[in-house]
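Tertiary structure, described
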Amino acid sequence: MLVAHEPPLFELLPERDHWRDVIRDVESAYREGGSAAAGQVLGAALAMSGSPTDEAEGEGDGAERVPGGGEAPAELDPETAAMLGRFAANNEFFLEFEVPPFARYTPDGDALKAGSARIVPAAGTVSDGEPPARAAYAVGGLLGVPVATFPGDHGGFGMETAAFARRLDDVLRSA
């Protein structure tokens, strides 16, 4: 079984041409300014809940945000600081090598339906209407299967770990 939580399959969205432009801009920003610049371009285009752009649009409470929409503590404990260091290193690879091909990929619905793995598209309850969540619903339409909803947003697995894990367990057991 594959649980595809908010897959970045922008080619399935009606505004795929917009996302093609965004990904070209992300690649250009990466070449010119590295992962921080590319991440800003991608984050602004996605405009997802918990993103740094929430504050700029007056939606945030002024607290610094971390991946998954959580609030950053005033001082980081060593474990969290190490995790954020790994995240920064992974972000380099993610923005240079993962984002462009993922965003350009169009799945073959017939091939996926013919395969032996059950595919469950999934979306966070808080990210309703955001591009990756809409992509999950597009996958559901492509495959003719319902979308499983999970607690939280795109990063709900990190910020609502226990509730997310319980829901994942329910989905996996329903196979």
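Refer to the preceding data block for the structure.
Described below are features of the structure shown in this document. All figures in this text were calculated on a predicted structure; none of them were measured in a lab. (Residues numbered from 1 in each chain as written. Predicted model: local features only at pLDDT ≥ 70, side-chain atom pairs only at ≥ 80, totals over all residues. Heavy atoms only, no water.)

**Concerning unusual backbone geometry**
Even without a glycine there, the phi angle at Glu6 is positive, about 45°. Positionally, Glu6 belongs in the loop between strand E1 (2-5) and helix H1 (16-46). Positioned with a positive phi, Ala47 is a non-glycine residue whose angle comes to about 45°. Its location among the elements puts Ala47 in the loop between H1 and helix H2 (53-56). (Helix = DSSP H or I, 4+ residues; strand = E, 2+ residues; numbered from the N terminus.)

**Remarks on helix H3 (residues 78-104)**
The terminal C-alpha atoms of H3 lie 37 Å apart, and with 27 residues this matches the ideal 39 Å at 1.5 Å per residue to within 8%. A bend of about 45° at Phe94 is the largest found in H3. Those residues of H3 that sit buried are Leu95, Val99, Pro100 and Ala103. Two or three places before Glu79, at the opening of H3, Asp77 has a side-chain oxygen 3.1 Å from that residue's backbone nitrogen. (Expected span 1.5 Å × (residues − 1). Bend = angle between axes of the 7 residues up to and from the residue. Buried < 20%, exposed > 50% of the residue type's maximum accessible area, 1.4 Å probe, protein only. Polar contact = N/O pair within 3.5 Å; in protein donor to acceptor, adjacent residues only side chain to side chain.)

**With respect to the pattern of salt bridges**
The tally for this structure, following the rule as stated, stands at 6 salt bridges. Residue Arg134 pairs with Glu15 through a salt bridge whose shortest N-O separation is 2.3 Å. Of the two residues, Arg134 is situated in helix H5 (residues 131-143) and Glu15 in the loop between E1 and H1; the sequence distance between them amounts to 119 residues. With a relative accessible area of 28%, Arg134 lands in the partly exposed category. (Salt bridge = Lys/Arg side-chain N within 4 Å of Asp/Glu carboxyl O.)

**Some points on the packing of aromatic side chains**
Counted by the stated rule, this structure contains 4 aromatic pairs. Taken together, a centroid distance of 5.1 Å and an interplanar angle of 40° make the contact between Phe93 and Phe97 tilted. Taken as a pair, Phe93 and Phe97 lie in helix H3 at a separation of 4 residues, close to a single helical turn. Its relative accessible area of 46% is what places Phe93 among the partly exposed residues. (Phe/Tyr/Trp six-rings, centres within 6.5 Å; stacked < 30°, edge-to-face > 60°.)

**Some points on the sheet that holds E1**
Paired through their backbone hydrogen bonds, the strands of a sheet run either parallel or antiparallel. Strand order across the open sheet formed by 3 strands is E1-E4-E5, with parallel pairing between neighbours. The two strands at the open ends of the sheet, each matched to only one other strand, are E1 and strand E5 (148-150). Neighbour to neighbour, the strand axes of the sheet diverge by 35° on average, direction disregarded. Bridge count between strand E4 (residues 119-124) and E5: 3 bridges; the pairing is parallel. Along E5, the bridge assignment pairs Gly124 with Phe150. (Pairing = 2+ DSSP bridges. Axes fitted to C-alpha atoms, helices over the stretch in contact; angles between N-to-C directions.)

**A short note on the side chain of Ser35**
One can find Ser35 in helix H1. The exposure class of Ser35 is buried, given its relative accessible area of 11%. Apart from the residues lying within four places of it in its own chain, the contact partners of Ser35 are Tyr30, Asn91, Glu92 and Leu95. (Contact = heavy atoms within 4.5 Å.)

**Focus on the packing of H1 against H3**
In contact at an axis separation of 10 Å, H1 and H3 are set at 155° when each is read in the N-to-C sense. The angle between H1 and H3 places the two elements in the roughly antiparallel class. For the pair H1 and H3, the crossing hand works out as right-handed. Taken together, the residues of H3 that come into contact with H1 (itself represented by Ile23, Arg24, Val26, Glu27, Tyr30, Ser35, Ala38, Gly39 and Leu42) are Asn91, Glu92, Phe94, Leu95, Glu96, Val99, Pro100, Ala103 and Arg104. Here the residues of the contact of H1 with H3 are counted per class, giving 10 nonpolar, 3 polar and 5 charged. (Parallel < 35°, antiparallel > 145°, perpendicular 65-115°, else oblique. Left-handed = near helix turned anticlockwise from the far one by under 90°. Nonpolar A, V, L, I, M, F, W, Y, C, P; charged D, E, K, R; others polar.)

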